[in-house]
Amino acid sequence: MSETNVTAPSDFIRDIIREDLRTNKYGGRVHTRFPPEPNGYLHIGHAKSICLNFGIAEEFGGLCNLRFDDTNPTKEEVEYVESIKEDVRWLGFDWGDRLFYASDYFEQLYEYAIQLIKKGKAYVCDLSPEEIREYRGTLTVPGRESPYRNRSVEENLDLFQRMRAGEFPEGSRTLRAKIDMAHPNVLMRDPVMYRIIHAEHHRTGNKWCIYPMYDFTHCLSDSIEGITHSICTLEFENNRALYDWFLDELGVYHPQQIEFARLNLSYTVLSKRILLQLVNRGYVSGWDDPRMPTISGLRRRGYTPEAIRNFCDLIGVAKANSVVDIELLEHCIRQDLNKRAPRVFGVLRPLKVIIDNYPEDLVEEMECINNPEDPSAGTRRVPFSRVLYIEKDDFREDPPKKWFRLAPGREVRLRYAYYVTCVDVIKNERGEVVELHCTYDPATRGGWAPDGRKVQGTLHWVSAAHALDAEVRLYDRLFLKPNPLDVEEGQDFTANLNPNSLEVLTGCRVEPSLAGAVPGSRYQFERQGYFCVDPDSTADRLVFNLTATLRDTWAKIEQAQQ
RNA sequence: UGGGGCGUCGCCAAGCGGUAAGGCAGCGGCCUUUGGAGCCGCGAUUCGCAGGUUCGAAUCCUGCCGCCCCAGCCA
């Protein structure tokens, strides 16, 4: 594992917890939870929350539960719960025996609802959804009370029991909290606690046809589990009043809700709704498409859990809405892979090179360092012979200023091999360079010139006769604009989709040591970037995904020249 | 024109009355058999703005400005 930031994270939430510990507010306990709704795959924004909740539990010797907030059967699926469990585990967190579902509490929640009805704090309302909206008023004008608001406790009890029994059609009635229709916080204007949905739930099947709403469910689930700090994102700040209201009215154990700003990433969309559309409309190959900001996408892309966790530590936790530069994420994976990824030669766009003065049948095994950052990684031998492939981009017939690479008459080093000089350029009928002829200096074996002469460029290469064929998938950001949602009137995020976010290269040539490389393994293709073996890869068809390019100063120089 | 929040370098973010951490990006330089990595150096006289309190304010007070969230039987 690569080194991460050395200082323990500190932020306003941890400050609150330290203070609560000092004052013994919860008897010295710290108990958090990560409460996803299983209606989509987890993304990097969830990783921030996971690292926060599980991280805090670890740091303070507490516990963190994994709880599925599964109160809406129309949107939730087991596929999502399975993927979520896998992703949390992959990130390196452990919920022990504390895997919970809000649906586990349906019976208990029902009893709590009965209690509120008996207390005169909840009532069955027959208003339609449209009417409820009308009665709610607006942000500036108070709402009106429902005509059903003052039903007797007995009638409410009877109706609510019959709602549960399935006597009423979907949407015909709700159970509402009786709070204040003139409350300045719209959420407090008699919020719906239960609605009728005749749908099968992925865990409770057809046992229920009334389902509790988020506000009623979440606070009580936290209470039931003995959560101390219920950490959620900023958009729930308004809900805190309701969170507190239910708990106070019921007189039960009362955790505290704390809100922080969710993660936003430049050139990235982290809305589950839009992510779902990208998948459903086929803009990407699936939730784990390597261009997706999902945990499974990042995993397939070659990101490591360590890099993601380090990223989450670096971005911090605060209450100000912000947009983190995607380059910070890229920095994190480069930093991690630089330390751990074995180096290898891979030629993406092969250009044939013939070493005219190299013996026809000779094959030499060149010793190459596996990882200059990690001596323990050792060395390997890579075959060298008369016919090689180098990168097309490493040759220019008409080299610009500051060009260090190969060009007619130029001498460069073939890494760990020899100095070679370009003596001839062969073109096809279209005038494209298809082959280079070079001569080598036998005295420079290993890449050093005994006479001390220097070359500016060092190229990677592969022996034509020994190289393996491979497919390489080059990825770029999915969106062209820092804010993908910044579109003209009438357009949507698809207007900002990057048409070149995926480029598939076939006929790539990689060194023979890559034979049998297993899916998921990560390498640095020297001078190019980090790549990982895709699950599509097979014994006779290697497939690599670009995780991140190396930083490219030549590209910057060239750009500056234009 | 209701309520709840937030405003410190291009992007994140420390700071909690004693005189602006750190990271990313950027820009120089060194080093280099990856134009990689590494190393060194450069950046806020200033903390949304305006007043006030104070010996002293990013930190306290007042007023203003800007941005975000809330009118789902979603979470």
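These numbers come from a predicted model, not from an experiment. Sequence order sets the numbering: in each chain, residues are counted from 1 along the sequence as written. The naming scheme follows written order: chains are lettered A onward, ligands numbered 1 onward. Two thresholds apply to this predicted model, a pLDDT of at least 70 for residue-level local features and 80 or more for giving and counting side-chain atom pairs, whereas whole-chain, interface and lining totals are computed over all residues. Excluding hydrogens and water, the side-chain figures rest on all heavy atoms present in the structure.

### Re the overall build of chain A
Alright, step 1. Note on conventions: DSSP H or I runs of at least 4 residues are helices, E runs of at least 2 residues are strands, and numbering of each starts at the N terminus. Scanning chain A from terminus to terminus reveals 13 helices and 25 strands.
Alright, step 2. Relative to the globule expectation of 24 Å for 562 residues, the C-alpha radius of gyration of chain A, 31 Å, shows a markedly less compact shape.
Alright, step 3. With respect to the principal axes defined by its C-alpha atoms, chain A has extents near 100 × 55 × 45 Å.
Alright, step 4. Relative accessible area decides the class of each residue, using a 1.4 Å probe on protein chains only: under 20% of the type maximum gives buried, over 50% gives exposed, and in between gives partly exposed. Out of the 562 residues in chain A, the part that is buried amounts to 53%.
Alright, step 5. Contact criterion: two residues are considered in contact whenever any of their non-hydrogen atoms come within 4.5 Å of each other. Sequence separation of at least 24 residues holds for 70% of the intrachain contacts in chain A that already meet a minimum separation of 6. Radius of gyration here is computed from C-alpha atoms only, and the compact-globule reference equals 2.2 Å multiplied by the residue count raised to the power 0.38.

### Here's the deal with the protein's contact with RNA strand B
Alright, step 1. Around RNA strand B, the surrounding shell holds 66 residues, and the nearest of these are Thr71, Arg343, Gly446, Arg551 and Thr553.
Alright, step 2. What qualifies as a polar contact is a pair of N or O atoms within 3.5 Å, subject to a donor-acceptor requirement within protein and to the restriction that residues adjacent in sequence count only when both atoms come from side chains. Within the backbone of Pro129, an N or O atom sits 3.2 Å from a base nitrogen of RNA strand B.
Alright, step 3. Listing elements by their share of the surface near RNA strand B, those giving two or more residues are helix 5 (129-136), strand 6 (192-196), helix 12 (326-340) and helix 13 (553-561).
Alright, step 4. Only Asp, Glu, Lys and Arg are considered charged, only Ala, Val, Leu, Ile, Met, Phe, Trp, Tyr, Cys and Pro nonpolar, and every remaining residue, Gly among them, polar. Residues of the surface near RNA strand B, tallied by class, amount to 25 nonpolar, 19 polar and 22 charged. We call a residue near a molecule or strand as soon as one heavy atom of that residue lies within 4 Å of the molecule or strand.

### Quick word on the pairing of strand 24 (residues 529-533)
Alright, step 1. Here strand 24 lies mainly inside the structure; 5 of its 5 residues are buried.
Alright, step 2. Two strands pair if DSSP finds at least two bridges between them. In the sheet, strand 23 (residues 522-525) pairs with strand 24 via 4 bridges, with the strands oriented antiparallel. Of the residues in strand 24, the one forming a bridge with Tyr523 is Phe531.
Alright, step 3. Count of turn residues in the strand 23/strand 24 antiparallel hairpin: 3 residues, of which Arg527 carries a positive phi of about 70°.

### Section: the pattern of salt bridges
Alright, step 1. Criterion for a salt bridge: a side-chain nitrogen of Lys or Arg within 4 Å of a carboxyl oxygen of Asp or Glu. Summed over all chains, the structure comprises 54 salt bridges.
Alright, step 2. Taking the shortest distance from any N to any O, the salt bridge between Arg14 and Asp11 comes out at 2.7 Å.
Alright, step 3. Of the residues examined, Arg14 reaches a relative accessible area of 4% and is grouped as buried.
Alright, step 4. The exposure class assigned to Asp11 is buried, which follows from its relative accessible area of 7%.
Alright, step 5. A salt bridge links Glu225 to Arg67; the shortest N-O distance between them is 3.0 Å. Note that Glu225 is positioned in helix 7 (residues 214-225) and Arg67 in strand 2 (residues 63-68), a separation of 158 residues in sequence. In this structure, Glu225 and Arg67 share a single accessibility class: buried.
Alright, step 6. Salt bridges sharing partners connect three or more residues here, namely Asp288, Arg300, Glu471, Arg473, Asp534, Asp536 and Arg541.

### A few points about the sheet that holds strand 6
Alright, step 1. What the 4 strands build is an open sheet, ordered 4-5-6-7; its pairing is antiparallel. Two strands close off the open sheet at either side, each with one partner strand: strand 4 (122-125) and strand 7 (210-212). The mean inter-strand angle of the sheet, taken between neighbouring strand axes irrespective of direction, is 20°.
Alright, step 2. With 3 bridges joining them, strand 5 (residues 174-177) and strand 6 adopt antiparallel strand pairing. Looking at strand 6, one finds that Thr174 is bridged to Arg195. Between the N-to-C directions of two axes lies an angle of 0 to 180 degrees, each axis being a line fitted to C-alpha atoms and, for a helix, fitted only over the stretch in contact.

### Comments concerning unusual backbone geometry
Alright, step 1. Residue Asp190 is not a glycine yet carries a positive backbone phi of 45°.
Alright, step 2. Within the fold, Asp190 resides in the loop between strand 5 and strand 6.
Alright, step 3. Using a relative accessible area of 0% as the deciding quantity, one classes Asp190 as buried.
Alright, step 4. Its identity as a non-glycine residue notwithstanding, Lys402 has a phi of 65°, on the positive side.
Alright, step 5. In this fold, Lys402 is placed in the loop between strand 15 (387-391) and strand 16 (411-414).

### Some words on the confidence of the model for chain A
Alright, step 1. A residue's pLDDT is the predictor's confidence in that residue, given on a scale from 0 to 100. In the predicted model, chain A carries a mean pLDDT of 97, and 99% of its residues have values of at least 70.
Alright, step 2. Throughout residues 1-6 the model reports pLDDT below 50, and contacts reaching past four residues in sequence, or to other chains, amount to 11 contacts.
Alright, step 3. Quick note on the complex model: pTM equals 0.96, ipTM equals 0.97.

### Thoughts on the nonpolar core
Alright, step 1. In this structure, Ile44, Val88 and Phe311 are the most contacted members of the largest nonpolar core, which totals 38 residues.
Alright, step 2. Looking at which element gives the most residues to this core, the answer is helix 2 (residues 44-59), with 6 residues.
Alright, step 3. If we ignore the near neighbours within four places in the chain, the residues touching Ile44 are Leu263, Leu265, Leu270, Pro293, Ile295, Leu298, Ile308 and Phe311.
Alright, step 4. The next biggest cluster of nonpolar side chains, apart from the first, holds 36 residues, and it includes Phe106, Leu159, Phe216 and Leu250. Among buried residues, those of type Ala, Val, Leu, Ile, Met, Phe, Trp, Tyr and Cys that are joined through side-chain atoms within 4.5 Å constitute a nonpolar core.

### Comments concerning the sheet that holds strand 20 (residues 462-463)
Alright, step 1. Pairing is mixed across the open sheet formed by 7 strands, whose spatial order is 19-16-17-18-12-15-20. The open sheet terminates on both sides in strands that have one partner only, identified here as strand 19 (458-459) and strand 20.
Alright, step 2. Where strand 12 (residues 350-355) lies against strand 15, 5 bridges are found, and the strand directions are antiparallel. By the bridge assignment, Lys352 is partnered in strand 15 with Tyr389.

### Some thoughts on the pairing of strand 21 (residues 468-475)
Alright, step 1. Within strand 21, 6 of the 8 residues are buried, which leaves it mostly tucked inside the rest of the structure.
Alright, step 2. In the sheet, strand 21 pairs with strand 25 (residues 542-549) via 4 bridges, with the strands oriented parallel. Opposite Val472, over in strand 25, you have Phe544 as the bridge partner.

### Points about the environment of Arg240
Alright, step 1. Assignment of secondary structure puts Arg240 in helix 8 (residues 240-250).
Alright, step 2. Between the alpha carbons of Arg240 and Glu259 there is a distance of 9.1 Å; along the sequence they are 19 residues apart.
Alright, step 3. The residues touching Arg240, leaving out its near neighbours within four places in the chain, are Gln257 and Glu259.

### Quick notes on the packing of aromatic side chains
In this description, an aromatic ring pair is defined by two values, namely the gap between the centres and the angle between the planes.
Alright, step 1. Pairing of aromatic side chains here covers Phe, Tyr and the six-membered ring of Trp, requires ring centres within 6.5 Å, and sorts the geometry by plane angle: under 30 degrees stacked, over 60 edge-to-face, intermediate tilted. Here the structure, examined in full by the defined rule, presents 27 aromatic pairs.
Alright, step 2. Consider the rings of Phe384 and Trp461, whose centres lie 5.2 Å apart with planes at 85°: the pair is edge-to-face. Here Trp461 lies in the loop between strand 19 and strand 20 and Phe384 lies in strand 14 (residues 379-384), a separation of 77 residues in the sequence. By the burial criterion, Phe384 is buried, and Trp461 matches it.
Alright, step 3. Taken together, the ring pairs connect Phe106, Tyr110, Phe160, Tyr194, Trp208, Tyr211, Phe216, Trp245 and Phe246 into an aromatic cluster.
Alright, step 4. Geometrically, a lysine NZ or arginine CZ counts as sitting over a ring once it is within 6 Å of the ring centre and also within 35 degrees of the ring normal. The ring centre of Tyr110 lies 4.5 Å from the NZ or CZ of Arg164, which sits over that ring.

### A word on the environment of Ile274
Alright, step 1. Mapped onto the secondary structure, Ile274 falls in helix 9 (residues 272-280).
Alright, step 2. Among the residues examined, Ile274 registers a relative accessible area of 4% and is labelled buried.
Alright, step 3. Taking C-alpha positions, Ile274 is 50 Å from Met366, a pair spaced 92 residues apart along the chain.
Alright, step 4. Setting aside chain neighbours within four positions, we find Ile274 in contact with Val269, Leu485 and Phe493.

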